[in-house]
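# Examining the three-dimensional arrangement
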Amino acid sequence: MTTKNLAASILLATAFSVQAHPDQKPASTPAPAVEPKVGALTGQGDWVYQTVPDWGHIPGQEFIGHTNGNIAVDKSGKIYVSTDGPNGIIIYLPDGTFVRSWGEPSRRFHSLVVNEEGGKEFLYAVGGGRVCKHDLDGKVIFQIDHKPGSEDRGWTNATAVVVGADGTIYVADGYGTNLIYKYAQDGKFLGKFGAPGTEPGQFKICHGMTLDARNPNKPILIISDRENHRIQTIDLNGNPIAIPITGLRQPTSTFVHGDLLLVAELGGRALLLDKNYKVLSELGDNPILTQRAGFGVPPKDWKDGVFTAPHGCAIDQKGDLYIQDWNKWGRITKLVKNPLN
């Protein structure tokens, strides 16, 4: 057989082979591997943290809704995030998996705190003219509503709530009277303290409030005195104790975890303080002055590991951090301790 005839035979056999297997599909080219996102690092010294990229989405939704609230953590590790959008309070697993939201009735809560009572946990939430105690399924167990002009419920736009070991409820009227109101567990009015001003025991927007029970024999209140740019400590009767740190960028909320105190600052930064209120680490410091305290910073301008307007904060049982920016679209950042530290 000549070379020409041999080539023709091969072509004919190849054509026959293809026609004899009409269902056979050509081998596909493997899709290129997608490299996992690596979070940005922020912080200093022994307190460097890494962000968890894309944490806290809701399936089918591009954005979670206005974030102008706070974050709480229950004993099981679930994360509760308050929003002003139709999702209301959103619950996540620590890895960012969406669990559920409580929807429209739970919108516009400015502050959250989980409190254990008789072996059961409850979520207290405050915003505007209401304080609500929920079970962890979202059912309202108890509610205090303000009454304009009244002595016992004269707060107008409450910003924070905490609960003492004896069940006493403390409500900070940061956007109103700059007073702190006290109620018994059943809602009975017990008194109020504070005043507008710059002296110890006075506030210029008592925006955030944390119960510090690290000394169980002497629990105190940590007040984020926002427009005085400082943190104050006071006892449970309103007596000033100290102004342990000043010169802050509009502190909005704090969270105690062991010897650590996490501080959210509206001015584009969060701080990690030790038990003596000394700065251990600056987190997410935003160098763009026009973005600091900016509600309208769009997602396209967000930078991983850089905050725009920290408003709420929390630390979970593992020591991971959560920061909620005050933002029109809604922004939550999770940070884990850098394993190299």
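Residues numbered from 1 in each chain as written. Predicted model: local features only at pLDDT ≥ 70, side-chain atom pairs only at ≥ 80, totals over all residues. Heavy atoms only, no water.

### Description of the overall build of the chain
The line we're drawing: Note on conventions: DSSP H or I runs of at least 4 residues are helices, E runs of at least 2 residues are strands, and numbering of each starts at the N terminus. Three labels apply to residues, based on accessible area from a 1.4 Å probe with only protein chains included: buried if under 20% of the type maximum, exposed if over 50%, partly exposed otherwise in between. To measure how exposed things are, a 1.4 Å probe is used in the Shrake-Rupley method; for residues, cover is taken only from the protein chains shown.
When you go through the chain residue by residue, the secondary structure sums to one helix and 25 strands. For the chain, buried positions account for 49% of its 341 residues. Surface summary for the chain: the accessible area is close to 16300 Å², and the carbon and sulfur share equals 54%.

### Considering the pattern of salt bridges
For clarity, the cut-off: One side-chain nitrogen of Lys or Arg within 4 Å of one carboxyl oxygen of Asp or Glu is enough to make a salt bridge.
Per the stated rule, a full pass over the model turns up 17 salt bridges. The closest approach of N and O atoms between Lys37 and Asp54, which form a salt bridge, is 3.0 Å. Taken together, the residues span a long stretch of sequence, with Lys37 in the loop between helix 1 (3–20) and strand 1 (41–44) and Asp54 in the loop between strand 2 (47–51) and strand 3 (71–73) at a distance of 17 residues. A residue is classified by how much of its surface remains accessible, and Lys37, at 60% relative accessible area, is exposed. The class for Asp54 is partly exposed, based on a relative accessible area of 47%. In this structure, the salt-bridge partner of Arg100 is Asp137, at a minimum N-O distance of 3.9 Å. Linking Arg100 in strand 6 (residues 98–101) with Asp137 in the loop between strand 9 (130–135) and strand 10 (140–145), this pair joins segments that are 37 residues apart in sequence. Given a relative accessible area of 28%, Arg100 falls into the partly exposed group. Counted as one network, the salt bridges with shared partners bring together Arg249, Asp285 and Arg292.

### Details of the layout of surface pockets
Rolled over the atoms, a probe sized like a water molecule indicates the empty space that remains. Convention followed: The way it works is a 1 Å grid over only the protein atoms, where trapped points that fit a 1.4 Å probe form a cavity and open points with protein on both sides within 12 Å along at least five of seven lines form a pocket, and then any residue with an atom within 4 Å of a point lines it. Grid points are joined across faces, edges and corners, and a volume is the space filled by probe spheres set on the points. Under this grouping Gly is polar, as are all residues other than the nonpolar Ala, Val, Leu, Ile, Met, Phe, Trp, Tyr, Cys and Pro and the charged Asp, Glu, Lys and Arg.
Of the voids in this model, the largest pocket is the one considered here, and its volume is about 940 Å³. Lining the largest pocket are 42 residues; nearest its centre among them are Val113, Val114, Leu211, Phe255 and Val256. A per-class count over the lining of the largest pocket returns 21 nonpolar, 15 polar and six charged. Taken together, 19 residues form the lining of the second largest pocket, with Asp54, His57, Trp302, Arg331 and Ile332 sitting closest to its centre.

### Digging into the sheet that holds strand 11 (residues 160–163)
Spelled out, the test is: Note: two strands are recorded as paired if DSSP finds a minimum of 2 bridges between them. Here the axes come from fitting lines to C-alpha atoms, over the contacting stretch only for helices, and the angles between their N-to-C directions go from 0 to 180 degrees.
With antiparallel pairing, four strands are arranged side by side in an open sheet as 11-12-13-14. Looking at the sheet topology across the chains shown, the edges are occupied by strand 11 and strand 14 (189–193). When the angles between neighbouring strand axes are averaged without regard to direction, this sheet yields 20 degrees. When strand 11 meets strand 12 (residues 169–172), the two strands line up antiparallel, connected through four bridges. For Ala160, the partnering residue across the bridge sits in strand 12 and is Ala172.

### A short note on the packing of aromatic side chains
Selection criterion: Here a Phe, Tyr or Trp ring, Trp counted by its six-membered ring, pairs with any other such ring whose centre lies within 6.5 Å, and the pair is stacked when the planes are under 30 degrees apart, edge-to-face when over 60, and tilted otherwise. A ring is considered to have a charge above it if a Lys NZ or an Arg CZ atom is located within 6 Å of its centre and within 35 degrees of its normal.
In the structure shown here, the tally under the stated rule is seven aromatic pairs. One aromatic cluster is present, formed by Trp55, Tyr92, Phe98 and Tyr322 through successive ring pairs. Positioned above the aromatic ring of Phe122, the side-chain terminus of Lys133 is 4.4 Å from the ring centre.

### Quick look at the sheet that holds strand 25 (residues 331–337)
The pairing of strands in a sheet comes from backbone hydrogen bonds and takes either a parallel or an antiparallel form. Strands sit in the order 1-2-25-24-23 across an open sheet of five strands; the sheet is antiparallel. The sheet terminates laterally at strand 1 and strand 23 (310–315), the two strands that pair on one side only. Pairs of neighbouring strands in the sheet enclose a mean axial angle of 25 degrees, with direction left out of account. Here strand 1 runs beside strand 2; their pairing, made up of four bridges, is antiparallel. Residue pairing in the sheet places Gly43 in a bridge with Val48 of strand 2.

### Thoughts on the side chain of His134
Here is the rule: Contacts are assigned to residue pairs that have any heavy atoms within 4.5 Å of one another.
Among the secondary structure elements, His134 is positioned in strand 9. Here His134 falls in the buried class, since its relative accessible area comes to 3%. Excluding residues that lie within four positions of it along the chain, His134 makes contacts with Trp102, Phe109, Phe122, Leu123, Ala125, Lys139, Val140 and Ile141.

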